[in-house]
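Listed below are the residues making up each chain.
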Amino acid sequence: MQFHSLVISNVEVSPGYWRMRMTAPPPFAGSRPGQFLMVKVTEGADPLLRRPFGIFDTGSFVTEYTDCGSQTYLEILYKVVGKGTAMLAAMHNGDRLDILGPLGRGFEPGDSAGEKILVGGGIGLAPLYFLAREMVASSRVRLFAGGRSREDILCITEFERLGVETYVATDDGTLGDRGFVTQVLERHLSTARNATLFACGPMPMLQATAEIARRHNVPCQVSLEAYMACGMGACLGCVVKGKEHRDGHPDYRCVCKDGPVFEQCDLLWEEGAGGHS
């Protein structure tokens, strides 16, 4: 659906990282973890294209400005990386945004049996918070969060308040273990039983997580990050390779329409490119 939204709050949660809450129509409360939005940050033509953002959270809040006294909200996490996100960071309470969403295929949490393991880096933690909130009531949930430094580890307190057991690793050792979070994950998986992995973050981290999942024979869903122009599969600007057909040609998938969440075994990962993050 397309709708106009009012900014409720817009707060910098770490240097360069922001958390925005905005209004949403009541049907938006039915969105699923892993789905995303396409946001137009200005009514003008610059920037022309919408920007994609994962859904961090959604819920309701009490307001004196509606007859029913409550209204639906949605939240996003974003990093200022260019003109569009810089304009977003400059917005204040009451500013308007044009939203398209929720879009895409979200996570499939499955049954409550077994341990649910979330692996995220940077902005990739956004859809994982929404997912954790959905799963903690019936499953044991652990989070493995990674980044270059402590500034890239976002909203860990919010995860812990949900009851999620958290593990952190940073490249420079400024928070948690020094090194790649995928190394911490693999040490844990060596003793885990009946686990399912859910990952979102930069491609090297997803590649490494997928390889670890294959080695340990653990189901793994990954949420891909990609540049998008339309968000609905029309422009074919966010294509990735799926598993090869029998004739040897790859099966191309649109991240926006067929994803952004995929089973890791359905994607054609680059041979030997399993870097860590």
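A. Layout of the packing of aromatic side chains. Overall, the coordinates contain six aromatic pairs when judged by the stated rule. Judged by centre distance (5.9 Å) and plane angle (70°), the ring pair of F3 and F28 falls under edge-to-face. You can see F3 sitting in strand β1 (residues 2–14) and its partner F28 sitting in the loop between β2 (17–24) and β3 (36–40), a full 25 residues away along the chain. Given the relative accessible area of 9%, F3 is considered buried.

B. Quick peek at the environment of D172. The residue D172 is located in the loop between β10 (165–170) and β11 (177–178) in this model. Residue class for D172 comes out partly exposed when judged on its relative accessible area of 32%. For D172 and L268, which are 96 residues apart along the polypeptide, the C-alpha to C-alpha distance reads 31 Å. Setting aside its immediate chain neighbours within four residues, D172 contacts R148, S149 and R178. Only 2.7 Å separates the side chain of D172 from the side chain of T174, close enough to count as a polar contact.

C. How the structure looks around the layout of surface pockets. In this structure, the largest pocket spans a volume of roughly 1200 Å³. What lines the largest pocket is a set of 42 residues, and nearest its centre among them are P52, V81, I123, E225 and A226. The set of elements that each furnish at least two residues to the lining of the largest pocket consists of β4 (51–54), β6 (70–79), α1 (83–89), α2 (125–135) and β9 (140–147). Sorting elements by how many residues they give to the lining of the largest pocket places β4 first, with four residues. Grouping the amino acids of the lining of the largest pocket by side-chain chemistry returns 19 nonpolar, 15 polar and eight charged.

D. Main features of the side chain of T196. With respect to the helices and strands, the residue T196 is situated in strand β12 (residues 195–200). Assessed through its relative accessible area of 16%, T196 is described here as buried. Once residues lying within four places of it in the same chain are set aside, the contact partners of T196 are E115, K116, I117, V218 and P219.

Reading the values: rules and limits
Residues numbered from 1 in each chain as written. Predicted model: local features only at pLDDT ≥ 70, side-chain atom pairs only at ≥ 80, totals over all residues. Heavy atoms only, no water. Phe/Tyr/Trp six-rings, centres within 6.5 Å; stacked < 30°, edge-to-face > 60°. Helix = DSSP H or I, 4+ residues; strand = E, 2+ residues; numbered from the N terminus. Buried < 20%, exposed > 50% of the residue type's maximum accessible area, 1.4 Å probe, protein only. Contact = heavy atoms within 4.5 Å. Polar contact = N/O pair within 3.5 Å; in protein donor to acceptor, adjacent residues only side chain to side chain. 1 Å grid on protein atoms, 1.4 Å probe; cavity = no way out; pocket = protein on both sides within 12 Å on 5 of 7 lines; lining within 4 Å. Points joined across faces, edges and corners; volume = space filled by probe spheres on them. Nonpolar A, V, L, I, M, F, W, Y, C, P; charged D, E, K, R; others polar.

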